[in-house]
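Chain residues, written in single-letter form:
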Amino acid sequence: MRGAFITLEGTEGVGKTTCLEFVRDTLAAADIPAVVTREPGGTALGEIIRDWILKGNHGRLSAETETLLMFAARAFHLDEVIRPALDAGHWVICDRFSDATVAYQGGGRRADKGWIQSLRAAVHADLEPDLTLLLDAPVEVGLNRIRTREPDHFERENRDFFARVRAAYLELARDEPHRIKVIDATPSLPEIESRISGHMAAFLGVFSR
Ligand SMILES: Nc1ncnc2c1ncn2[C@@H]1O[C@H](COP(=O)(O)OP(=O)(O)OP(=O)(O)O)[C@@H](O)[C@H]1O
Ligand SMILES: [Mg+2]
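Residues numbered from 1 in each chain as written. Chains lettered and ligands numbered in written order. Predicted model: local features only at pLDDT ≥ 70, side-chain atom pairs only at ≥ 80, totals over all residues.

Caption draft 1: Region of the structure containing the overall build of the protein. Of the regular secondary structure elements, the protein holds eight helices and five strands. In terms of overall dimensions, the protein is globule-like: its C-alpha atoms have a radius of gyration of 16 Å, near the 17 Å expected for 209 residues. Principal-axis analysis of the C-alpha atoms places the extent of the protein at approximately 50 × 35 × 30 Å. The 209 residues of the protein split such that 38% are buried. Considering only intrachain contacts with a sequence separation of at least 6, the fraction spanning at least 24 residues in the protein is 83%. (Helix = DSSP H or I, 4+ residues; strand = E, 2+ residues; numbered from the N terminus. Rg over C-alpha atoms; globule rule 2.2 N^0.38 Å. Buried ≥ 20, exposed ≤ 12 C-beta atoms within 10 Å, placed from the backbone. Contact = placed C-beta atoms within 7 Å.)

So, in structure tokens, the structure goes:
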């Protein structure tokens, strides 16, 4: 049986990477080892594309070019890491995936969402995440948590951009409530972890049946 594919999503600084560790620990406690990876990135090529995009020294990068770069990195990541791991029965936890492209390049940059979804189908019609944890908070909450970091290409965007990203994420969650679980990311970490535990327990019950 193939492993489960779990993704974490949300705007800047909401706690994706922090919560990913908690998901990994929850699985480990249930004797389920998991491969942890991230997007953009996860492969040597993906990390080069990530670095190039996030450093932001590329002049004018259109929404469409940005989208295609994300899917190029993703196609390679799926071939090299995600599908082989799942096929071998491992679970995969990925920090951002295609929902992020719909939210950032579609919502934020206003690339055509229908076009993005058609690329999504072209690249991985065979595979969607089994569970997506969407950490949701007002944009300021996340940006405040990372205000001491040097801002990257996206973090230099304005509030309206992030408001559109957040709205696009929530729209995806409304369309796919079974897959995408919205978690209020404003409370303390223990409170958020307890909510994630609830979703994980329900998911483990269904997926391993
Ligand atoms: N619930 C929380 N309350 C307060 N601080 C938090 C909470 N969750 C995470 N943090 C802190 O906020 C900062 C950002 O968290 P983290 O790096 O996990 O966010 P992220 O969503 O992965 O960010 P990025 O979008 O930059 O990848 C970290 O310093 C983390 O310790
Ligand atoms: Mg992170």
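Caption draft 2: Examining the site of ligand 1 more closely. Neighbouring ligand 1 are 13 residues, the closest being Gly 15, Lys 16, Thr 17, Thr 18 and Arg 145. For the shell around ligand 1, the elements supplying multiple residues, two or more each, are α1 (16-29) and α8 (189-207). Top contributing element to the shell around ligand 1 by residue count: α1, with three residues. (Near = placed C-beta within 6 Å.)

Caption draft 3: Layout of unusual backbone geometry. The residue after Glu 39, namely Pro 40, is reached through a cis peptide bond having omega -15 degrees. Residue placement: Pro 40 occurs in the loop between β2 (34-38) and α2 (44-55). Even without being glycine, Asp 31 reaches a positive phi, approximately 65 degrees. Note on placement: Asp 31 falls in the loop between α1 and β2. In this structure, Arg 110 takes a positive phi of about 65 degrees despite not being glycine. Along the chain, Arg 110 falls in the loop between α4 (98-108) and α5 (113-124).

Caption draft 4: The arrangement of the pairing of strand β4 (residues 131-136) in detail. Within β4, five of the six residues are buried, which leaves it mostly tucked inside the rest of the structure. Of the strand pairs in this sheet, strand β1 (residues 5-10) and β4 are connected by five bridges, and their pairing is parallel. Residue pairing across strands places Gly 10 opposite Leu 135, the latter belonging to β4. Strand direction decides the pairing type here: β4 and strand β5 (residues 180-184), joined by five bridges, are parallel. Bridging across to β5, Leu 133 finds its partner in Lys 181. (Pairing = 2+ DSSP bridges.)

Caption draft 5: Looking closely at the sheet that holds strand β3 (residues 91-95). Pairing within the open sheet is parallel, and its five strands lie in the order β2-β3-β1-β4-β5. Either end of the sheet is taken by a strand with one partner, and the two such strands are β2 and β5. The sheet shows a mean angle of 20 degrees between the axes of neighbouring strands, taken without regard to direction. The sheet contact formed by β2 and β3 spans five bridges and is parallel. Bridging across to β3, Val 36 finds its partner in Ile 93. Where helix α3 (residues 63-87) meets the sheet, its contacts fall on β1, β2 and β3, and the angle it forms with β3 comes to roughly 155 degrees. Against the sheet, α8 touches β4 and β5, its axis set at about 160 degrees to β5. (Axes fitted to C-alpha atoms, helices over the stretch in contact; angles between N-to-C directions.)

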